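Chain residues, written in single-letter form:
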Amino acid sequence: MTTIKDKMKDIIQSQPDDSTYEEILRELAFARMVDLGMSDYRNGRVVSNDEMEHRIRTWQK
């Protein structure tokens, strides 16, 4: 099983040598957001497109 530390190392190693601190942090944050989104999906914490469209319409009033 891959540890969090290993995932972070892989992301950092995949960046070009001239990457800035901010670019690396952005990639790490993106990977974390994807992991959280996939976890939500696997656990059924999702909203359909129709439901989201309905919610957005209520905000516009």
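Quick note: structure is the one above.
These notes cover the structure that comes with them. (Residues numbered from 1 in each chain as written. Predicted model: local features only at pLDDT ≥ 70, side-chain atom pairs only at ≥ 80, totals over all residues. Heavy atoms only, no water.)

**Remarks on the environment of M8**
Argument step 1. Looking at the secondary structure, you find M8 in helix α1 (residues 4–14).
Argument step 2. Given the relative accessible area of 39%, M8 is considered partly exposed.
Argument step 3. For the pair M8 and L36, spaced 28 residues apart in sequence, the C-alpha separation works out to 15 Å. (Helix = DSSP H or I, 4+ residues; strand = E, 2+ residues; numbered from the N terminus. Buried < 20%, exposed > 50% of the residue type's maximum accessible area, 1.4 Å probe, protein only.)

**Some details on the pattern of salt bridges**
Argument step 1. Scanning the entire structure with this criterion turns up three salt bridges.
Argument step 2. For E53, the salt bridge identified is with R57, shortest N-O distance 2.6 Å. Of this pair, E53 and R57 both sit in helix α3 (residues 49–59), four residues apart, which is roughly one turn of that helix. (Salt bridge = Lys/Arg side-chain N within 4 Å of Asp/Glu carboxyl O.)

**Concerning the packing of α1 against helix α2 (residues 21–42)**
Argument step 1. For the pair α1 and α2, the least separation of the axes is 10 Å and the interaxial angle reads 135 degrees. Considering their axes alone, α1 and α2 lie oblique with respect to each other. Helix-helix and strand crossings are classified by hand; for α1 and α2 the assignment is right-handed. Contact with α1, carried on its side by K7, M8, I11 and I12, involves I24, E27, L28, A31 and D35 of α2 and no other residues of that element.
Argument step 2. Residue composition of the contact of α1 with α2, grouped by class: six nonpolar, no polar and three charged. (Axes fitted to C-alpha atoms, helices over the stretch in contact; angles between N-to-C directions. Parallel < 35°, antiparallel > 145°, perpendicular 65-115°, else oblique. Left-handed = near helix turned anticlockwise from the far one by under 90°. Contact = heavy atoms within 4.5 Å. Nonpolar A, V, L, I, M, F, W, Y, C, P; charged D, E, K, R; others polar.)

Keep in mind these values describe shape, not function.
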